[in-house]
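Reading the structure
Listed below are the residues making up each chain.
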Amino acid sequence: MNSEQLKRMQNDKGFIAALDQSGGSTPKALKLYGVNEDAYKNDEEMFDLVHEMRKRIISNPAFNRDRILGAILFKVTMNSKVGDKYTADYLWEDKGVVPILKVDEGLAEKLNGVRLMKPMLHLDELLENAKERHIFGTKMRSVIYEYNEEGIKDIVDQQFDYAMRIFGAGFVPIIEPEVDIHAQDKAKIEEILNIYMVEALKDIPDDYRFIFKLTLPEEANHYDDLLDYPQTVRVVALSGGYSRDEANEKLKANKNVIASFSRALAQGLNVNDTEEEFTDKLDKSIEAIYQASI
């Protein structure tokens, strides 16, 4: 673990840019960027195109350490280059942005109102790859759709089991039990989710380090309890389907939370933008999310 990067993630102002669309979410991300499915014939071409989109974002002058703390990458992006450097090295050495890797292998089928992560069959191999590429932390996502205490407890247990394993391998894991923004009992789900996460932290040694990535809660500052524990590096928020304006307004109400937005960050960017247009749009997006985060 890079101690300078850890200090930056704990103490500096800014937010985490989520650039980790993968699998089923990549075609949608490309379509929003103005690249339709007829522009590529297979997954390899699709991932090349999304890497070009990500590369255009992170190499833009508006994307830098002044407002952005970290960036979450997909494996293909991690193993691709920006200029003559692998993406993580470019981010840290040229931009001062901490590199993070999405490690989950997607979601399992819905059971007990939730979708757990599929078993991570290649995690050890992926973490070895991440170490070679100088990655600081990891991210893994599961989703809660309904109030079901058994399902929510299963989500928390799975997230922490993997997080402890990942920390033991030398990375700071992002724990992401997303609550669907359309869940009927969203506030009730968030209440029991927070209880289970706090209970889990009580049983973990103080020298472990985690980041929590959570859906913006119905009750502002709902997850502040997590900050009482030395294991918590930061609490960050996902946009979860809210528009950028909606997400920013909700984020402003949570004083100890910063953004980790994906779709909301790239909203409005288009492959056909001139460099001037692209920079202007990206700069305004980054500034709005930054202001909401501080």
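Residues numbered from 1 in each chain as written. Predicted model: local features only at pLDDT ≥ 70, side-chain atom pairs only at ≥ 80, totals over all residues. Heavy atoms only, no water.

With an unreviewed UniProt entry as reference, the protein is termed fructose-bisphosphate aldolase, source organism Anaerococcus murdochii. Turning to the protein, the UniProt record has this under Sequence similarities (unreviewed entry): "Belongs to the class I fructose-bisphosphate aldolase family." Per UniProt, the protein carries the Pathway (unreviewed entry) text "Carbohydrate degradation; glycolysis; D-glyceraldehyde 3-phosphate and glycerone phosphate from D-glucose: step 4/4." (UniProt positions renumbered as here; feature names shortened; annotations may be inferred.)

Glancing now at the nonpolar core. In terms of nonpolar packing, the biggest core is built from 83 residues, with Phe63, Val103, Phe160, Met197, Phe210, Phe212 and Leu226 touching the most fellow members. In this view, Met197 contacts Val156, Phe160, Pro177, Phe212, Leu214, Tyr223 and Leu226; residues no more than four positions away in its chain are not counted. Leu6, Val172, Ile211 and Val236 belong to the second largest nonpolar core, which has 16 residues in total. (Core = buried A, V, L, I, M, F, W, Y, C linked by side-chain atoms within 4.5 Å. Buried < 20%, exposed > 50% of the residue type's maximum accessible area, 1.4 Å probe, protein only. Contact = heavy atoms within 4.5 Å.)

Under the defined criterion, the tally for this structure stands at five aromatic pairs. For the ring pair Tyr208 and Phe210, a centre distance of 6.2 Å and an interplane angle of 45° mean the geometry is tilted. For Tyr208, a relative accessible area of 19% gives the class buried. On the basis of relative accessibility, which here comes to 0%, the residue Phe210 falls in the buried class. Each member of the aromatic cluster is reached from another via a ring pair, and the members are Phe160, Phe167, Tyr208, Phe210 and Phe212. Between the NZ or CZ atom of Lys81 and the centre of the ring of Tyr86, over which it lies, the distance is 4.9 Å. Seen from the ring of Tyr86, Arg133 lies directly overhead, with NZ or CZ sitting 3.8 Å from the centre. (Phe/Tyr/Trp six-rings, centres within 6.5 Å; stacked < 30°, edge-to-face > 60°. Lys NZ or Arg CZ within 6 Å of the ring centre and 35° of its normal.)

Examined against the element boundaries, Asn64 turns out to sit in the loop between α3 (43-58) and β2 (68-73). Only 2.9 Å separates the side chain of Asn64 from the backbone nitrogen of Asp66, close enough to count as a polar contact. Contact partners of Asn64, with chain neighbours within four places excluded, come to Lys95 and Val97. (Helix = DSSP H or I, 4+ residues; strand = E, 2+ residues; numbered from the N terminus. Polar contact = N/O pair within 3.5 Å; in protein donor to acceptor, adjacent residues only side chain to side chain.)

As for its position among the elements, Asp20 is in the loop between β1 (15-19) and α2 (25-32). Reaching out from Asp20, the side chain makes a polar contact with the side chain of Lys139 at a distance of 2.8 Å. Contacts of Asp20, omitting those with residues within four sequence positions, involve Arg54, Ile72, Leu73, Phe74, Lys102 and Lys139.

Further remarks concern the packing of helix α6 (residues 123-132) against helix α7 (residues 149-168). Each pair of packed helices gets described by two things: the angle between the helix axes and the distance between those axes. Following both chains from N to C, one finds α6 and α7 inclined at 40°, their axes separated by 11 Å at the closest point. Judged by the inter-axis angle, α6 sits oblique to α7. For α6 against α7, the interelement crossing comes out right-handed. Contact residues: Leu123, Asp124 and Leu127 in α6; Tyr162, Arg165 and Ile166 in α7. Broken down by class, the residue content of the contact of α6 with α7 amounts to four nonpolar, no polar and two charged. (Axes fitted to C-alpha atoms, helices over the stretch in contact; angles between N-to-C directions. Parallel < 35°, antiparallel > 145°, perpendicular 65-115°, else oblique. Left-handed = near helix turned anticlockwise from the far one by under 90°. Nonpolar A, V, L, I, M, F, W, Y, C, P; charged D, E, K, R; others polar.)

This part takes up the pattern of salt bridges. Taken as a whole, this structure holds 19 salt bridges when the rule is applied. Of the charged contacts in the structure, one is a salt bridge between Glu52 and Lys55, with a shortest N-O distance of 3.2 Å. Of this pair, Glu52 and Lys55 both sit in helix α3, three residues apart, roughly one helical turn. Salt-bridge contacts for Arg67 lead to Glu287; the nearest nitrogen and oxygen are separated by 3.0 Å. Highlighted residues: Arg67 in the loop between α3 and β2 and Glu287 in helix α11 (residues 275-293), separated in sequence by 220 residues. Exposure remark for Arg67: the relative accessible area of 12% places this residue in the buried category. Residue Glu287 is classed as partly exposed on the basis of its relative accessible area of 29%. The network of salt bridges with shared partners includes Asp20, Lys139 and Glu176. (Salt bridge = Lys/Arg side-chain N within 4 Å of Asp/Glu carboxyl O.)

For the coordinates displayed, the defined rule picks out one cavity of 30 Å³ or more. In this structure, the largest cavity occupies an estimated 40 Å³ of space. Looking at the largest cavity, the residues that line it are Leu214, Thr215, Leu216, Pro217, Tyr223, Val235, Val236, Ala237, Asn254 and Val257. Secondary structure elements with two or more residues in the lining of the largest cavity: β9 (210-215) and β10 (232-238). For the lining of the largest cavity, the per-class residue count stands at eight nonpolar, two polar and no charged. (1 Å grid on protein atoms, 1.4 Å probe; cavity = no way out; pocket = protein on both sides within 12 Å on 5 of 7 lines; lining within 4 Å. Points joined across faces, edges and corners; volume = space filled by probe spheres on them.)

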